[in-house]
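Summary of structural features
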Amino acid sequence: QVHLAESGGGLVQAGGSLRLACAASGPIFGDDVMGWYRQAPGKQRELVATITSRGRTTYADSVKGRFTIARDNADNTVYLQLNVLSVEDTGVYYCHVDRHRPFDRRLHFWGQGTQVTVSS
């Protein structure tokens, strides 16, 4: 139905930057909220950032001022710019789509994840 493909992960030193991209295939609707989660080893998956088709964003407190989420509605692509990275940012980053259509169940779509490793 909806396929999400992440890219851009890798190994970076503390203080460095990465840019993640998530390309969605299949229909993305105007009310769909796109975003990023991450999961570190031994920790619960946490919400990092979200963005609506109108450009409204939310961020986890731990990444405010360092990460920026962006969305290209024409290409059905969402980006996450990660700046001033620290070791605590290490984890698997997952692209996510939150869909809640009228008269239908709420749906969640997930990518396979891309590894971000920050070395000290």
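Presented here is a report on the structure given in the accompanying data block. One numbering rule holds for all chains: residues counted from 1, following each sequence as written. Given that the model is predicted, a residue must reach a pLDDT of at least 70 before its local features are reported, and side-chain atom pairs must reach 80 or more before they are shown or counted; all residues, however, enter totals for whole chains, interfaces and linings. Think of the side-chain values as coming from all heavy atoms in the structure, minus any hydrogens and water.

Section: the state of the cysteines
Put simply, the test is: Two cysteine sulfurs form a disulfide in these notes if their separation is within 2.5 Å. Going along the chain from the N terminus, every DSSP run of H or I of four or more residues is numbered as a helix, and every run of E of two or more is numbered as a strand.
Taken as a whole, this structure holds 1 disulfide when the rule is applied. Between the sulfur atoms of cysteine 22 and its disulfide mate cysteine 95 the distance is 2.0 Å. Taking the torsion about the S-S bond as the criterion, the cysteine 22 to cysteine 95 disulfide, at about -85 degrees, is left-handed. Here cysteine 22, found in strand β3 (residues 18–25), pairs with cysteine 95, found in strand β9 (residues 91–100); they are 73 residues apart in sequence, far enough to count as distant.

Comments concerning the pattern of salt bridges
A side chain of one charge can pair with a side chain of the opposite charge if their charged atoms are brought near each other. Put simply, the test is: What counts as a salt bridge is simple: a side-chain nitrogen of Lys or Arg found within 4 Å of a carboxyl oxygen of Asp or Glu. Throughout this description, buried means an accessible area under 20% of the type-specific maximum (1.4 Å probe, protein chains only), exposed means over 50%, and partly exposed covers the range between.
Scanning the model with the defined rule gives 6 salt bridges in all. We note a salt bridge from arginine 106 to aspartate 98, for which the minimum N-O separation is 2.4 Å. According to the relative accessible area criterion, aspartate 98 is buried, its value standing at 13%. The structure contains a network of salt bridges with shared partners spanning Arg38, Glu46, Arg66 and Asp89.

Some remarks on the pairing of strand β8 (residues 77–82)
Put simply, the rule is: Strands are labelled as partners when DSSP assigns at least two bridges between them.
Here β3 runs beside β8; their pairing, made up of 6 bridges, is antiparallel. Among the inter-strand pairings, leucine 18 is bridged to a residue of β8, identified as leucine 82. Of the strand pairs in this sheet, strand β7 (residues 67–72) and β8 are connected by 6 bridges, and their pairing is antiparallel. By the bridge assignment for β8, alanine 70 is matched with tyrosine 79. The antiparallel hairpin formed by β7 and β8 contains 4 residues in its connecting segment, where asparagine 76 sits at a positive phi of about 50 degrees.

Quick look at the nonpolar core
Put simply, the rule reads: Buried Ala, Val, Leu, Ile, Met, Phe, Trp, Tyr and Cys residues that are joined via side-chain atoms within 4.5 Å together make up what is termed a nonpolar core. Two residues form a contact once any of their heavy atoms are found within 4.5 Å.
If you look at the biggest cluster of nonpolar residues, it comprises 27 residues, and the most contacted ones within it are Leu4, Trp36, Val48, Phe67, Val78, Leu80 and Tyr93. Listing elements by their share of this core, those giving two or more residues are β3, β4 (33–39), β5 (46–51), β7, β8, β9 and β11 (114–119). Among the elements that make up this core, the one with the highest residue count is β3 (4 residues). For tyrosine 93, the residues in contact, after removing those within four places along its chain, are Glu6, Leu20, Trp36, Tyr37, Arg38, Val48, Phe67, Leu80, Leu82, Gly113, Thr114 and Val116.

Some details on the packing of aromatic side chains
Counted only if it meets this: Ring pairs are drawn from Phe, Tyr and Trp, using the six-membered ring of Trp, whenever the two centres fall within 6.5 Å, and their geometry is named by plane angle: stacked under 30 degrees, edge-to-face over 60, tilted for the rest. Whether a charge sits over a ring comes down to the Lys NZ or Arg CZ being within 6 Å of the ring centre and within 35 degrees of the ring normal.
The final tally for this structure, using the stated rule, is 1 aromatic pair. The cationic tip of arginine 45 hangs over the ring face of tryptophan 110; the distance from NZ or CZ to the ring centre is 4.6 Å. Seen from the ring of phenylalanine 29, arginine 101 lies directly overhead, with NZ or CZ sitting 4.0 Å from the centre.

Details of the pairing of strand β1 (residues 3–7)
Burial along β1 is one-sided: Leu4 and Glu6 are buried, and none of His3, Ala5 and Ser7, which face the opposite way, are. Examined bridge by bridge, β1 and β3 share 5 bridges and lie antiparallel to one another. Across the sheet, residue leucine 4 finds its bridge partner in β3, namely alanine 24.

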